[in-house]
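Here's the letter readout for the chains.
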Amino acid sequence: MADANAAVLFVTVALVMVGLLSGLSLLWALLPVAVVLFIFIVARSLKGRDEFAHLNVCVLVLGDIGRSPRMQYHALSFSRHGYNVTFIGFLGTKPHRDILEDDRIDIIPISELKSLQVGPKIFVYVSKVICQSLQLFYVLMQLEDQAYILLQNPPGLPSIAVTWLVSRIIGAQFVIDWHNYGYSIMALTHGERHPIVKAAKWYEKFFGRLSDHNLCVTNAMRHDLLKNWNIKATTLYDKPPMIFRETPLKVRHELFARMASAYPPFKACSEISKENTDLTAFTERNTKTEEVSLAAGRPAMLLSSTSWTEDEDFSILLKALEDYEGIAKESQCLPSLVCVITGKGPQKEYYKKIIDSKDFTHVRICTPWLEAEDYPVLLGSADLGVCLHKSSSGLDLPMKVVDMFGCCLPVCAINFQCLDELVKHEENGLVFGDSSELVEQLKVGDLRDQATHSSTPLTQTDSRSVFITVLQMLLCDFPNEHGKLSHFRKNLREGRQQRWDENWDLNVLPLFKEHCD
C-alpha cells in the first residue's frame, strides 16, 4: 500500500512539473494535487480512530535530526512520560544513542530534496517548495492517529502550512516550537526589504497564528510573538540534560587518546617521554597504577561549536588567535592554545582553508566532527568556551552556551539582544561585543581594568581587540586556581542549574496533560 501511495505521489509531482513546463497556468498544474488531497481526506475519514491515540505524538523537524538536539530532547521527554513518539526529519547525522535505543521512539526519515538546476530561480524555488510540501503531506498522512504534532520552526517553509493542514484533517493539536524566525535568517542573505523575505515573513506570521499551542526559547521572543503577531507562547528555555557535566580525568584521557590518532593537536609533544606513562597533550596516565592526572605545562583548550553559518563570524576568532600567537611569543605567563571548533555547515570549508594557511607555533586549531556521545565529554574537558553566535532576530539564545554551562565551562560570548537571559557578565563568563559608539581612547590596559571591575559587557568598535584582551586576562598564568576562569567555574558549580527534564516537566508537560484531561 505504501509503495502504491508513493507511486501516486511521484506521478502527481511529475504531472505538476510537466504542466508548469508546458505553459499551463499554476491553477491547472496544481489540479493533480487537489485530486490526491481529496483521496487522502476521504480515505482518512473512513478509518476509525485508535483508542490510544491520545498517547501518540509526532515530533517534526524539516532538517537533520542528528543536528536538532532540542527536538531530540522533546522526543525523549515524551517517551519518558509514556507517549509513543514518531520522529520525522532528515537522517544526515546519527542521532543520539538514547534516541536510537528507545522503543517508544520511531524515526521516519524524509528526503532532503535538491533544487532543480534548470529554469529561472523563482521556478526552481517554487518547484522545490511544491515537491517538499507533497512529500511532507504524504508522510504525515501515512501516520497512525496522532494527538499532537510538534513542529520546529525554523525551518518553517513549507512545513508550517502543511502541518497545519494535516493536523486539521486528522484532528491533531498543532504545536510550534519557535527557535527563531525563518524570515530573519533569510534576511541575512537577501536583506530585509527583499520581496522573498517579506513574503516569508507574511507566511510565517499568517500560518503561525493558526497553531493550537506555541513554545519559544526566550522571554524576549515570547513578548515579540505576542506584541507583533498576536501569538501566545510558553517560554521553554534550553537547559542541559544530565549528559552534560564535568568529565572525569580518566574519561578525558580516553577521549584524548582516541582523538590523538586523527587530530595531531591532541598528541603529546614528541620531545616529552616518561617511563610507564601514557601521554596526551593534556593528560598523562600511569600504566602501572592507572592513575590519570593533568599534564604539567599543558596547553589551554579553547572550544567552540558552530553550524558554520552567516550568523557566526569566525573571522573574529581567527584574527584574535593570530594576535594571541604574536603576544604569546613575547609573554611568559600565557599558555599555548589548542582551539577546537566542532560542527558542520556551509562555511566550514571556507574557514578551513584559512586555518590551514596559518603557520602558528603557540596556537593549534582543529575542526573535528564528533559523535553525539563524544561531544559532551569533550565539552566537559575544555578550559574555556567561546560563542560567536549573533542571533538573526536578536531573540534566540545559543544552545551551545547552555551545554557549556551544564559542563561548568566558563564562556566568552559576543553580545547581542537578550543574551543576558543566559550569560551573566562577570558571573559565569565574559560578554564582549561591537558598539555603535566609537570608543577611540579605550586601550588594552583600560579594557583589562574595565573587565575586572565592571558588571557591564565589554564594548569596542573592534570585537577582535576586545576578544584578544579578554583571552589574555582569562588565560594569564594558566592554570591559575585563583584566576577568573576558576572563579567563573566555581560559580557554575555552586549555582543550582536546572536540567532539561525538570524544566520540560514544569513548562511543557502541563500543556499536553491538560488537553488529555
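Everything quoted here is computed from the prediction, not taken from an experiment. (Residues numbered from 1 in each chain as written. Predicted model: local features only at pLDDT ≥ 70, side-chain atom pairs only at ≥ 80, totals over all residues. Heavy atoms only, no water.)

### With respect to the packing of helix α8 (residues 182–190) against helix α9 (residues 195–208)
Phase 1: Here α8 crosses α9 at 175 degrees, and the two axes come no closer than 9 Å. On the basis of the axis angle, α8 is roughly antiparallel to α9. Residue-level inspection shows Gly182, Tyr183, Met186, Ala187 and His190 of α8 in contact with α9, the latter providing Ile196, Val197, Ala200, Lys201 and Glu204.
Phase 2: Its residues assigned to classes, the contact of α8 with α9 comprises 6 nonpolar, 2 polar and 2 charged. (Axes fitted to C-alpha atoms, helices over the stretch in contact; angles between N-to-C directions. Helix = DSSP H or I, 4+ residues; strand = E, 2+ residues; numbered from the N terminus. Parallel < 35°, antiparallel > 145°, perpendicular 65-115°, else oblique. Contact = heavy atoms within 4.5 Å. Nonpolar A, V, L, I, M, F, W, Y, C, P; charged D, E, K, R; others polar.)

### Focus: the packing of aromatic side chains
Phase 1: Under the defined criterion, the tally for this structure stands at 22 aromatic pairs.
Phase 2: Seen in terms of ring centroids, Tyr148 and Phe512 are 4.5 Å apart; in terms of plane orientation they differ by 75 degrees. Their pairing is edge-to-face. With Tyr148 in strand β4 (residues 148–153) and Phe512 in helix α20 (residues 509–516), the pair connects residues that are 364 residues apart, well separated along the chain.
Phase 3: In this structure an aromatic cluster arises from ring pairing among Phe78, Tyr83, Tyr148, Trp504 and Phe512. (Phe/Tyr/Trp six-rings, centres within 6.5 Å; stacked < 30°, edge-to-face > 60°.)

### What to know about helix α6 (residues 121–141)
Phase 1: Over its 21 residues, α6 runs 30 Å from end to end, which matches the ideal 30 Å to within 8%, given 1.5 Å per residue.
Phase 2: Burial analysis of α6 places 15 of its 21 residues in the buried class, which makes it a mostly covered element. (Expected span 1.5 Å × (residues − 1). Buried < 20%, exposed > 50% of the residue type's maximum accessible area, 1.4 Å probe, protein only.)

### Brief notes about the nonpolar core
Phase 1: Membership of the largest hydrophobic core comes to 103 residues, with the highest contact counts inside it found for Phe87, Phe266 and Leu378.
Phase 2: If near-sequence neighbours (up to four positions away) are discounted, Phe87 is found in contact with Val59, Val61, Ile65, Met71, Gln72, Ala75, Ile99, Ile105, Asp106, Ile107 and Ile108.
Phase 3: Leu321, Leu334, Ile414 and Leu471 belong to the second largest nonpolar core, which has 34 residues in total. (Core = buried A, V, L, I, M, F, W, Y, C linked by side-chain atoms within 4.5 Å.)

### Re the confidence of the model for the chain
Phase 1: For the chain, per-residue confidence averages 82 on the pLDDT scale, and 80% of positions sit at 70 or higher.
Phase 2: Note on residues 1–9: pLDDT under 50 across the span, and 8 contacts to partners over four residues away in sequence or across chains.
Phase 3: When the criterion is pLDDT under 50, residues 434–454 qualifies, and its contacts beyond four places in sequence or with other chains add up to 36 contacts. (pLDDT = per-residue confidence, 0-100.)

### Thoughts on α8
Phase 1: Among the residues of α8, Gly182, Tyr183, Ser184 and Ala187 are the ones counted as buried.
Phase 2: Gly191, located one to two residues past α8, shows a positive phi value of around 95 degrees.

### Points about the packing of α6 against helix α7 (residues 159–170)
Phase 1: In the contact formed by α6 and α7, the axes pass within 10 Å of each other and the chain directions differ by 30 degrees. Between α6 and α7, the angle is such that the two are roughly parallel. When you trace α6 past α7, the crossing you get is right-handed. For the pair α6 and α7, the contacting residues are Ser133, Leu136, Phe137, Leu140 and Met141 in the first and Ser159, Val162, Thr163, Leu165, Val166, Ile169 and Ile170 in the second. (Left-handed = near helix turned anticlockwise from the far one by under 90°.)

### A short note on the sheet that holds strand β10 (residues 292–294)
Within a sheet, neighbouring strands are paired by backbone hydrogen bonds and run either parallel or antiparallel to one another.
Phase 1: The strand order across the open sheet formed by 3 strands is β8-β9-β10, and the pairing between neighbours is antiparallel. The sheet is open, and its two edges are formed by β8 (277–279) and β10, each paired on a single side. Neighbour-to-neighbour, the strand axes of the sheet open up by a mean angle of 25 degrees, direction not taken into account.
Phase 2: Relative to strand β9 (residues 283–286), β8 runs antiparallel, the two sharing 3 bridges. Bridge assignment links Thr277 to a residue of β9, and that residue is Asn286.
Phase 3: Strand contacts of helix α11 (residues 249–260): β8, β9 and β10, with the helix running at about 80 degrees to β10, the strand carrying the most contacts. (Pairing = 2+ DSSP bridges.)

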